[in-house]
Every structure is written in structure tokens, then in C-alpha cells.
Amino acid sequence: MTSQPHFGLTGLATMGANLARNVAHHDIPVAVHNRTTSRTETFMAEHGAEGPLSAHDSIAGWVGALARPRVLMIMVQAGAATDAVIEEILPHLEAGDILIDGGNANFRDTQRRHEAVGAHGVHFIGSGVSGGEEGALNGPSIMPGGDRAPYEESVRPIFEAIAAQVDGTPCCTYVGPDGAGHYVKMVHNGIEYADMQLIAESYDLLRHGAGLEVPEIARQFERWNESELESFLIEISARVLAKTDEATGRPLVDVILDSAGQKGTGRWTAQDALERGVALTGITEAVFARTLSALKDERVAAADRLAGPTGRAGGADASLAEDLGHALYASKIVSYAQGFAQMAAASEAEGWQLDLGAMATIWRGGCIIRARFLDRIREAYDAEPNLANLMLAEFFAQALERAQEPWRRVVARSAELGIPTPAFSSSLAYYDGYRRARGPASLIQGLRDLFGAHTYRRIDRDGSFHIAWGGDGSEHELG
Ligand code: ATR
């Protein structure tokens with residue numbers, strides 16, 4: 001690499017600034033830019049000496065400073081800001097330059113931008129970046145999609161250098177054409193929603209079902225982090241639960257308002273699943289649970305109005321705590337199985353040829369859902385690349401079989417106690433629905449035929465059939 005930077009980054013808010021520093025820490029020259037110059041000045045004053053960083057006030061100066069082919073990464077707010085920045089940069093670029101959007105773009109926007117930018121001969125890479133503030137600085141999981149050849153030649157060496165590494169393998173791989181990288185990042189975020197919902201339900205049941213105090217629950221999460229449940233989110237659950245509020249001396253979790261926010265990637269994942277006809281119940285229930293959590297005033301009013309149990313009265317129930325670990329693991333398998341089924345469906349429909357095992361590999365480190373069991377997912381796809389559903393892989397089928405009795409007890413017990421467990425319950429319903437060779441949809445088809453003449457198929461011969469419900473009740477085969 002010459003001393004003239006190949007890599008430029010615009011947008012020096014938290015994620016952009018940390019990514020630029022990460023690149024510079026690897027001795028790769030970086031030219032930075034930000035719309036508001038004062039932010040650039042503060043960045044250079046604080047971090048300019050950490051590596052080969054140079055700053056530019058204008059877009060023209062910034063683009064002009066880069067060696068060709070230029071690699072320019074945009075780290076600004078997703079949506080209209082990204083379009084505005086692309087429009088501003090594009091006239092300064094030349095054919096063969098590479099524009100990367102590292103924001104949380106909707107994959108449909110990335111597909112549109114890929115085409116629009118490509119019309120100017122400029123390559124476009126839409127890249128998911130996960131890991132939050134800390135990951136961006138010390139090693140994120142990176143999910144790049146778009147034009148492959150320029151990616152491999154000019155971007156890959158930089159991304160692989162700055163990505164998290166697990167067992168010597170970078171948590172970064174080329175995902176697929178056009179919007180594939182941002183799509184996979186969206187599903188990653190959806191899985192993160194489901195993981196967090198399962199954790200919240202576990203906490204609720206440990207507290208109001210098993211009767212444990214908050215510090216004991218923190219220790220339970222620490223123990224779980226020594227098991228097959230080992231993951232970043234379980235680890236930080238223990239930390240949040242162990243935290244005491246300085247002002248009141250109470251557990252921090254008791255003074256935080258019970259109303260969860262969302263930026264929209266979980267909702268996108270659920271919407272996409274509905275459009276594709278993928279049963280993504282875990283993630284979707286997690287999105288709805290956040291929606292319900294936001295109705296704080298209504299819930300407070302309803303608490304006095306609507307009858308029912310609200311947890312366990314009396315002493316601790318150790319058996320529920322024991323069962324919960326199994327229920328959590330099984331439900332987590334189901335939510336990943338659903339997320340991977342969604343990626344498989346999208347890959348097929350969009351012609352992306354996603355390597356699902358590789359997605360598990362790049363999520364092993366750097367990102368928020370990093371977890372021990374992602375290795376097992378990769379092994380499952382290595383053994384059987386066309387696996388119809390992750391639950392069918394030997395390892396996971398056996399894990400679900402072992403977990404199912406305690407899982408059922410947890411769901412039954414939570415219903416009795418009036419503790420809502422939408423993620424646990426819907427995961428179990430999906431498992432039971434999926435393993436059912438014959439279900440009750442025959443009745444639904446019968447109903448549809450009666451009220452709307454929608455016809456039905458038979459189990460014993462081909463064709464479409466309709467009953468003359470308003471006539472003589474006879475069956476007719478339709479051509
Ligand atoms: P974070 O959530 O980490 O704070 P963000 O809101 O996703 O970051 O992105 C903020 C970044 O987008 C900032 O660098 C901001 O530039 P300013 O420092 O000038 O505010 C940049 N940004 C937002 N809208 C922009 C636009 N229309 N054109 C250029 N940059 C923009």
C-alpha cells in the first residue's frame with residue numbers, strides 16, 4: 001500500500017470514528033471527512049496521532065486525496081442522509097472507484113443504490129457492520145455485499161484486517177450480490193431481538209416464577225454463560241443484573257423504565273418474513289413484545305382492570321430455574337432455525353447463493369449475537385448445505401429432543417402463572433407445528449371452500465375440488 005490513502009471514510013459519529021481508528025491502527029492510511037468540520041477537528045485532535053490519519057474539509061478535497069481505485073466508506077445515518085451523501089460524492093468519482101455504505105441500510109435501498117451508482121461505472125458495496133461502538137474499534141463482524149471482484153481486490157484486505165478474528169478466521173466474508181450484505185445484517189439484528197426477548201422472559205420467570213432475587217438471577221446468567229448458552233448477550237445480562245443503582249441502592253434493572261425502544265431492523269425482518277411467507281415467529285413476537293412494552297400507561301391502567309395471576313406467591317421454585325436453561329437453549333435454536341430459513345428463502349428468491357454456514361462463521365465474533373453454538377450451525381451446513389431446516393441437523397434435533405420436556409414444563413408453568421412468554425411459547429408451537437406430518441389445515445381449506453369457493457386438494461388424487469355447498473352437497477373436480 002502506498003502512503004497516499006486508498007481508504008476514505010465520511011461520517012465521524014461513533015461508529016464511523018471508531019472504524020476509521022480501527023483501520024488506522026492497522027497502519028492503513030485513512031482519509032477522513034465529516035459534513036460538519038468541527039466534528040472532524042475534534043476527531044483529529046483526539047485521535048489523529050493513533051495512526052496514518054489525514055482529514056479533509058470538503059468532499060472534493062477528500063475524494064481528490066485518495067489513490068485510485070478509491071475506496072470510500074460512508075458511515076452516516078441510514079435513509080435520506082445516505083442518499084444525500086452518495087449524490088454529493090458521485091460527481092467527484094471516476095469509473096472503477098468503490099463506494100461502500102456501512103450504515104444500517106434497508107436492503108431494498110441498497111439494491112436501488114447499487115444500480116444507480118453502477119450506472120456511473122462506480123462499484124457499490126452495501127456492508128453490514130455489527131459490534132456496536134466497541135466492535136467498530138477493536139474488531140466488528142462485517143457483512144459486505146455487492147460487486148465481488150472490486151471487493152476482493154481492494155476492500156477485502158482492509159475489512160479482513162479490521163474485523164474480529166476467531167480461531168484465526170476473520171469475522172468477515174463476501175456475502176452476495178447487491179443488497180445481500182445488508183439483508184444478512186438485518187436478519188442478524190432480528191435474531192438479536194429474539195435472543196434479547198428470550199433473555200428477558202427468562203429473567204421474568206426466574207424472578208416472578210422461580211422467586212429468585214436479582215443478584216441470584218445475575219449468578220444464574222453467569223452459570224449459563226459457562227454452558228452451551230455461552231454468548232455475549234448472556235454474559236452482559238449477568239453484568240446488567242449485577243449492577244446496583246447508585247442513587248437508590250436498588251438493582252439497576254428495578255429503576256429502568258420497562259419500555260424498550262427499537263430502531264426498526266427487527267420490524268423490517270418481520271415484514272420481510274411475512275412478504276416471503278417464512279414463519280419467523282420468534283423474531284416477530286420479540287418485535288411485538290417491544291411494542292407492548294412501550295404501552296406503559298395502558299399497561300398500568302390494565303393491571304387494575306384485567307384479572308389473572310401475576311407470578312408465583314410464596315417461596316423459591318428451584319425446579320423452574322433448572323428447566324429454564326433447557327427452554328432457553330431450545331427456543332434459541334428455533335429462532336436461529338427460523339432466521340436461517342428466512343435467509344435461505346431470500347437467497348433463492350433474489351438469486352444471491354448465500355453460504356449459510358459462512359454467515360454463522362462471521363457471527364462467531366465481533367457482533368452482538370456472537371455465541372458458542374454458532375460453530376454447531378456452521379458444522380450443520382458444512383455437513384448438509386441444502387438443509388431444509390436447522391432443527392433437522394442431527395446435533396440440533398438431539399438437543400431439541402433432550403430439552404423438550406423442561407421446555408414444555410416452562411411454557412405450561414408460565415401460562416399458569418400469568419407470566420407472558422411469547423418467544424418461549426411461539427418457539428415451542430413452531431417446533432410442534434413443524435414436526436407434525438398432518439395438521440388441522442384441512443379444516444381451514446374446508447371453510448375456505450364453503451364461504452369463498454376457494455377449492456381444496458385431496459390427499460388421494462390430484463386436482464382441485466369444490467363442494468356444491470349451497471346445492472346438492474356433491475363434490476366437483478375443477479379443471
Ligand atoms: P450515531 O447514531 O452514531 O450518532 P448517526 O446518527 O447514524 O450516528 O450518523 C451521524 C453522522 O451522519 C454524522 O457524521 C452526521 O454528520 P454531522 O456531524 O455533520 O451531523 C452524518 N450525517 C447525517 N446526515 C447527513 C447528511 N445529510 N449529509 C452528510 N452527513 C450527514
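Residues numbered from 1 in each chain as written. Predicted model: local features only at pLDDT ≥ 70, side-chain atom pairs only at ≥ 80, totals over all residues. Heavy atoms only, no water.

## Structural notes on the domain arrangement of the protein chain
So, point 1. The domain boundaries assigned to the protein chain delineate domain 1 (7-178), domain 2 (185-435) and domain 3 (441-478).
So, point 2. A straight line from the C-alpha centre of domain 1 to that of domain 3 covers 57 Å. (Domains from an automatic or database assignment.)

## Examining unusual backbone geometry
Across the chain, the bulk of peptide bonds are trans and the bulk of non-glycine residues have phi less than zero.
So, point 1. The peptide bond linking Arg-68 to Pro-69 adopts the cis configuration, its omega dihedral lying at -5 degrees.
So, point 2. Looking at the element boundaries, Pro-69 is found in the loop between α3 (59-64) and β4 (71-74).
So, point 3. The backbone phi angle of Asp-27 is positive, close to 65 degrees, even though this residue is not glycine.
So, point 4. As for its position among the elements, Asp-27 is in the loop between α1 (14-25) and β2 (30-33).
So, point 5. Look at Asp-27 and you get exposed, because its relative accessible area is 63%.
So, point 6. Residue Ala-453 is not a glycine yet carries a positive backbone phi of 50 degrees.
So, point 7. Looking at where Ala-453 falls in the secondary structure, it is placed in the loop between α20 (441-452) and β10 (464-467).
So, point 8. Residue Ala-453 is classed as partly exposed on the basis of its relative accessible area, which comes to 44%. (Helix = DSSP H or I, 4+ residues; strand = E, 2+ residues; numbered from the N terminus. Buried < 20%, exposed > 50% of the residue type's maximum accessible area, 1.4 Å probe, protein only.)

## Examining the site of the ligand
So, point 1. Around the ligand sit Gly-11, Leu-12, Ala-13, Thr-14, Asn-34, Arg-35, Thr-36, Arg-39, Val-76, Gln-77, Ala-81 and Val-85, and those are all the residues in its vicinity.
So, point 2. Asn-34 has a polar side-chain atom sitting 2.7 Å from an oxygen atom of the ligand.
So, point 3. Interatomic distance of 2.9 Å between a side-chain N/O atom of Arg-35 and an oxygen atom of the ligand.
So, point 4. When grouped by side-chain class, the residues that make up the shell around the ligand number five nonpolar, five polar and two charged. (Near = heavy atom within 4 Å. Polar contact = N/O pair within 3.5 Å; in protein donor to acceptor, adjacent residues only side chain to side chain. Nonpolar A, V, L, I, M, F, W, Y, C, P; charged D, E, K, R; others polar.)

## Observations concerning the packing of helix α4 (residues 80-89) against helix α5 (residues 107-118)
So, point 1. One can describe the packing of α4 onto α5 by two numbers: an axis separation of 12 Å at closest approach and a directional angle of 10 degrees. On the basis of the axis angle, α4 is roughly parallel to α5. Contacts between α4 and α5 involve Thr-82, Asp-83 and Ile-86 from the former and Arg-112, Arg-113 and Val-117 from the latter.
So, point 2. For the contact of α4 with α5, the residue count by class is two nonpolar, one polar and three charged. (Axes fitted to C-alpha atoms, helices over the stretch in contact; angles between N-to-C directions. Parallel < 35°, antiparallel > 145°, perpendicular 65-115°, else oblique. Contact = heavy atoms within 4.5 Å.)

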